[in-house]
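# Breakdown of the fold
Next come the chains, spelled out residue by residue.
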Amino acid sequence: MLSKSTFYFFGLLLCSVLSLKAQPINLKNATVIVAPSVPLPMKETAPRMLTEEIAKRTNLVFKTATAWPKTNAVTIAFVLSGDRELLGKTIPVRTDKSGAEYQTEGFRVVSETNDKGGVLWIIGADARGVLFGTGWLLRKLQLSPGLAQLEGNIDIASSPDYPIRGHQLGYRHTANSYDKWSVAQFEQYFRDLAIFGTNAIEGIPFHEDERPNPHFAIPASEMRVKMGALCQLYDMDYWVWTPVTFELTDKEKRAAELKLHEDFYKNCPRLDHIFVPGGDPGENHPREVMPFLKDLHQILTKYHPKAKIWISLQGFSVEQVDYFYRYLAENKPAWLQGVVSGPGSPPMAETRFRLPANYQHREYPDITHNVRCEFPVRGWDQAYALTLGREAANPRPYAFAEIHQTYAPFTNGFVSYSDGCHDDVNKVIWSMRAWDTQMDVREILEDYGNFFFNKNVAGPTADGIAALESNWKGPLAQNGGVEATFAFWKNLETTNPTLKGNWRWQMLLLRAYYDTYTKRRLAYEQLLEKQANAILATAPKIGTDKAMESALETVNKADKVNIAPELRQKIEQLCADLFTSIGLQTSVPKHKAKGYERGAVLDFVDYPLNNRWWLADEFKKVSALPSNEAKLQRLKTISTWENPGPGSFYDDVSSVAKGPRVKTISEDATDVAWWQDGFSRTRLSSQLFQKCPELVYDNLQPGERYILRIVGEGEALLRVDNYRLQPTVYNRETESVKEWIIPLSLTQDGKLHVTFDEPEESHLNWRKQSKISDVWLLKQ
């Protein structure tokens, strides 16, 4: 039987073991040693990346040594998994070669430390494994002034699920920030992306070369070579996107294009992949494109023997797609590495099925746009679409994790389409989920907050980013979470003043302020319009002129009395801060953004969220009508537009807030207008539309007569309960009316199913095709 003293001894021993296990690894006085086996330039890049990033956050300076130090401090050792010992010390390698640290780009980070020091090993399968192991360590370290530590002993091994994990960073004016960056800023961003698992960067070497750019730090011809050098430094694949925008049958232009490529190839220190989109832009038939690519490959391999050629089928017709696959079957081109699938490509599952197994398949996901794009925000409120627009800061971690999971299995990886740093969170999500498809999204966001901000806000950052994504769900007027999200970020801002100059922090704050400002404006301005409509309803008593004057004065209060001036001022300041810190161009006149659709959120911060512009224009038309009766009738139509009366129904097509009976959506959100550079004066409902909406009505009154009315443009081939009906009014002009009488027999069950056949308009650009924006079912 054991004595009490024996129990006490074992208790002390257990406590000691538990305490040792939980004891953090202190790197305050760490020394760095790099094995001779680690190849250049990674031999210098990885330790430099580690020491510089730690020094920025802690003011600690790590020493580099060529022998084991005699102090009690921890040594960080960079080695390869093929090594067995480093300077006489045995490396903790596993004999089982199936471990992650033996897989391409894989790594293992393992600690052999105690209170007297020891070694923190970064073991890479290859040079990139060393890089990504270093990245893992940086993501997990607790860093603050004077402090660099891990929570406890570690032994983690990991290797990527997908071999291609990249992002396009085009040094061109189309981008909303990259064109203002210096080489040093590009290097920092390459490094940041590498820390989160990215292994490829795609440049745009020739596009917009001849166009003047007010932001370029150095000419584009120099920057594209510098980007190749940075990829060499970080051992990242260098891709370039090189569209052919002229007709390849033009021999002179074809020869000039080949020379342009050759001049670039010979000057670029590293080049791994050339991607030529079949379309978007470009309209060449693959019978011309494939021989051109073959010629490109011959030139490319003169200077970069291992470099590859890729093509996308974007914009190809069915006949052109079939021609491409016949070409592969007949010619079996060894010079072609694979196919890229992007917006406008055939379905990815079909492409992988039809593509011979020896060719790779890369996704080209659009992670940068919110509307009129490949992956629009589902059910986005129009108030956001009109103000934040296509390229606002758009952290969508959970949506993009799901999108990646859907399409990645058909591919060998991705290089994203990005036009600015506003999609920074999305880049990290795609890279990390391509590294590990099972990685928890919250863990990724916590790593993001820990590395880019600090340990104390890692969890709150994850919560705050998720909340910003939720701000964009459902009708804005009903989304109570927006104010809660703002309060959350406002508190973070107040309690973390040292992050004020951090551009990522500024960007997240901008969204919190902007979303809230938009929500408050929406409630205020919609209320003003309701009041104006009530005034218009009194026109028979007070007269049409007085009613219009008073109604317009009411809605225009939005321009005279700002509902949230402190938020408006903060938005202005954050936009200025972001232009200074990272070159984000949120305004055309102030920051010389290329265009209003390119992230110019500051220029739309006060865009009307009621119809005051449209009302002003309509009232001029009403005043010109020939009779008072006509004026009164038009004012009645305007004032009851969204409220047609008891037993009648109104739907604003494609509005998440005002289209409850509409069952269809546009997968690419091309149902959200972009007219007059975003400053359209048309009615807000006219700026949302579909070609063939589907609506479902119930709770109708059998025996009552109903009329279906629509406003739109072009054709509208109506079916009700699958019966084609003939119109009684049918105008094709913009914002004109069409009407149909609903047969009594169709409403006997109290329900209606409304659909529209698609008109044949393949000869028209989608912007010119038919539109249906407003639908009424009016009880007579």
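Model, not experiment: these values are computed from the prediction. (Residues numbered from 1 in each chain as written. Predicted model: local features only at pLDDT ≥ 70, side-chain atom pairs only at ≥ 80, totals over all residues. Heavy atoms only, no water.)

## A closer look at the overall build of the protein
Scanning the protein from terminus to terminus reveals 23 helices and 28 strands. By the compact-globule yardstick of 28 Å for 780 residues, the protein fits well, its C-alpha radius of gyration being 31 Å. Here the protein holds 780 residues, and the buried ones make up 56% of them. A separation threshold of at least 6 residues defines the contact pool for the protein, and within that pool the share at least 24 residues apart is 75%. Entry remark: accessible area of the protein is about 33000 Å², with carbon and sulfur atoms responsible for 52%. Side chains of the protein give 91 positive and 95 negative charges; the mean places of these two sets differ by 3 Å. (Helix = DSSP H or I, 4+ residues; strand = E, 2+ residues; numbered from the N terminus. Rg over C-alpha atoms; globule rule 2.2 N^0.38 Å. Buried < 20%, exposed > 50% of the residue type's maximum accessible area, 1.4 Å probe, protein only. Contact = heavy atoms within 4.5 Å. Areas by Shrake-Rupley, 256 points an atom, 1.4 Å probe, with all protein chains shown as cover. Lys, Arg positive; Asp, Glu negative; His and termini not counted. Charge placed at Lys NZ, Arg CZ, Asp CG, Glu CD.)

## Remarks on helix 3 (residues 127-140)
Here helix 3 contains 14 residues, and its C-alpha end-to-end distance of 21 Å stays within 8% of the 20 Å for a straight helix at 1.5 Å per residue. When you tally the buried positions in helix 3, you get 13 out of 14 residues, the bulk of the element. The N-cap of helix 3, judged by a side-chain oxygen 3.3 Å from the amide nitrogen of Arg128 a few residues on, is Asp126. (Expected span 1.5 Å × (residues − 1). Polar contact = N/O pair within 3.5 Å; in protein donor to acceptor, adjacent residues only side chain to side chain.)

## As for the side chain of Asp179
Inspection of the secondary structure assignment puts Asp179 in the loop between strand 12 (164-168) and helix 4 (183-195). Nearest to the buried, unbridged Asp179 among oppositely charged side chains is Lys180, at 8.6 Å. Separated by 2.9 Å, the side chains of Asp179 and Gln585 make a polar contact. Setting aside chain neighbours within four positions, we find Asp179 in contact with Tyr171, Arg172, His173, Asn213, His215, Phe216, Ala217 and Gln585. (Salt bridge = Lys/Arg side-chain N within 4 Å of Asp/Glu carboxyl O.)

## As for the packing of aromatic side chains
Inspection of every chain in the model, using the stated rule, returns 43 aromatic pairs. Considering the side-chain rings of Tyr171 and Phe186, the 5.9 Å spacing of their centres and the 70 degrees angle between planes classify their relative orientation as edge-to-face. Placement of Tyr171 in the loop between strand 12 and helix 4 and of Phe186 in helix 4 is noted, with a sequence separation of 15 residues between them. Using a relative accessible area of 4% as the deciding quantity, one classes Tyr171 as buried. Assessed through its relative accessible area of 0%, Phe186 is described here as buried. Considering the side-chain rings of Phe186 and Phe190, the 6.3 Å spacing of their centres and the 80 degrees angle between planes classify their relative orientation as edge-to-face. Pair noted here: Phe186 and Phe190 are both in helix 4, with a separation of 4 residues, about one helical turn. Through a chain of ring-to-ring contacts, three or more aromatic side chains come together here, namely Tyr171, Tyr178, Trp181, Phe186, Tyr189, Phe190, Phe216 and Trp503. The cationic tip of Lys89 hangs over the ring face of Trp68; the distance from NZ or CZ to the ring centre is 5.1 Å. (Phe/Tyr/Trp six-rings, centres within 6.5 Å; stacked < 30°, edge-to-face > 60°. Lys NZ or Arg CZ within 6 Å of the ring centre and 35° of its normal.)

## Digging into the confidence of the model for the protein
Looking at the protein, the pLDDT average stands at 95 and 97% of residues meet or exceed 70. For residues 1-21, every residue scores under 50 in pLDDT, and the model assigns this stretch 4 contacts once sequence neighbours within four places are set aside. (pLDDT = per-residue confidence, 0-100.)

## What to know about the pairing of strand 22 (residues 706-713)
Most of strand 22 sits out of view: 6 of its 8 residues are buried. Pairing of strand 22 with strand 28 (residues 771-779) involves 8 bridges; the strand directions are antiparallel. Among the inter-strand pairings, Ile710 is bridged to a residue of strand 28, identified as Val775. (Pairing = 2+ DSSP bridges.)

## Overview of the packing of helix 16 (residues 503-536) against helix 20 (residues 565-582)
Between helix 16 and helix 20, the shortest axis-to-axis distance is 9 Å and the interhelical angle comes to 155 degrees. One finds that helix 16 runs roughly antiparallel with respect to helix 20. Between helix 16 and helix 20 lies a crossing of left-handed hand. Between helix 16 and helix 20, the contacting residues are Trp503, Gln506, Met507, Leu509, Leu510, Tyr513, Tyr514, Thr516, Tyr517 and Arg520 on the first element and Glu566, Leu567, Arg568, Lys570, Ile571, Leu574, Cys575, Asp577, Leu578, Ser581 and Ile582 on the second. (Axes fitted to C-alpha atoms, helices over the stretch in contact; angles between N-to-C directions. Parallel < 35°, antiparallel > 145°, perpendicular 65-115°, else oblique. Left-handed = near helix turned anticlockwise from the far one by under 90°.)

## Describing the sheet that holds strand 1 (residues 25-26)
In space, the 3 strands of this open sheet follow the order 1-10-9, with antiparallel pairing throughout. Two strands lie at the open edges of the sheet, namely strand 1 and strand 9 (142-144), each paired on one side alone. Sheet topology note: the strand 9/strand 10 (residues 147-150) ladder contains 3 bridges and is antiparallel. The residue bridging Ser144 from the neighbouring strand is Leu147, located in strand 10.

## Topic: unusual backbone geometry
Between Leu40 and Pro41 the backbone carries a cis peptide bond, its omega angle lying at 0 degrees. With respect to the helices, strands and loops of the structure, Pro41 is situated in the loop between strand 2 (31-34) and helix 2 (42-58). Cis geometry is adopted by the peptide bond preceding Pro281, which originates at Asp280 and carries an omega value of -5 degrees. The residue Pro281 is located in the loop between strand 15 (273-277) and helix 7 (286-303) in this model. With phi around 60 degrees, Lys592 is a residue other than glycine that occupies positive phi space. One can find Lys592 in the loop between helix 21 (588-591) and helix 22 (612-623). Overall, Lys592 belongs to the partly exposed group, its relative accessible area being 46%. For Asn699, which is not glycine, the phi torsion reads 60 degrees and is therefore positive. Checked against the element boundaries, Asn699 lands in the loop between strand 21 (695-697) and strand 22.

## A short note on the pairing of strand 2
Every regular strand shows the same layout, with side chains that alternate between the two sheet faces. Taking every second residue as pointing to the same face, both faces of strand 2 are buried, with Thr31 and Ile33 on one and Val32 and Val34 on the other. Both strand 2 and strand 3 (residues 63-64) contribute to a ladder of 2 bridges, which runs parallel. Counterpart to Val32 in the pairing with strand 3 is Thr64. Assessed by its sense of winding, the connection that carries the chain from strand 2 through helix 2 to strand 3 is right-handed. (Right-handed = clockwise from strand over helix to strand, strands pointing away.)

## Considering the pattern of salt bridges
Pairing between side chains becomes possible if they bear opposite charge and their charged atoms approach one another. What the rule picks out here adds up to 60 salt bridges. Two residues, Glu572 and Arg568, come together in a salt bridge whose shortest N-O distance is 2.8 Å. Note that Glu572 and Arg568 are positioned in helix 20 at a spacing of 4 residues, about one turn of the helix. On the accessibility criterion, Glu572 (26% relative accessible area) is partly exposed. Judged by relative accessible area, which is 18%, Arg568 ranks as buried. With a closest N to O distance of 3.2 Å, Lys621 and Glu618 form a salt bridge. Within this pair, Lys621 and its partner Glu618 are both found in helix 22, separated by 3 residues, close to a single helical turn. Lys621 sits in the exposed class, given a relative accessible area of 53%.

## Looking at the sheet that holds strand 11 (residues 155-158)
Sheet architecture is open: 6 strands sit in the order 3-2-4-8-7-11, paired in mixed fashion. Strands with a single pairing partner mark the edges of an open sheet, and in this sheet they are strand 3 and strand 11. Here strand 7 (residues 107-114) pairs with strand 11 via 4 bridges, running antiparallel. Across the sheet, the residue bridging to Val110 is Asp155, located in strand 11. Packed on one face of the sheet, helix 3 meets strand 4 (74-80), strand 7, strand 8 (117-124) and strand 11 and runs near 130 degrees to strand 8.

## A word on the nonpolar core
Within the largest apolar cluster, 164 residues are counted, with the highest numbers of intra-cluster contacts made by Leu27, Ile76, Phe186, Leu293 and Phe324. With 11 residues, the single largest contributor to this core is helix 16. With residues up to four places along the chain from it excluded, the contact list for Phe186 reads Leu169, Tyr171, Tyr178, Trp181, Met223, Met227 and Leu230. Core analysis: the second largest hydrophobic core is formed by 22 residues, Phe649, Val662, Leu700 and Leu708 among them. (Core = buried A, V, L, I, M, F, W, Y, C linked by side-chain atoms within 4.5 Å.)

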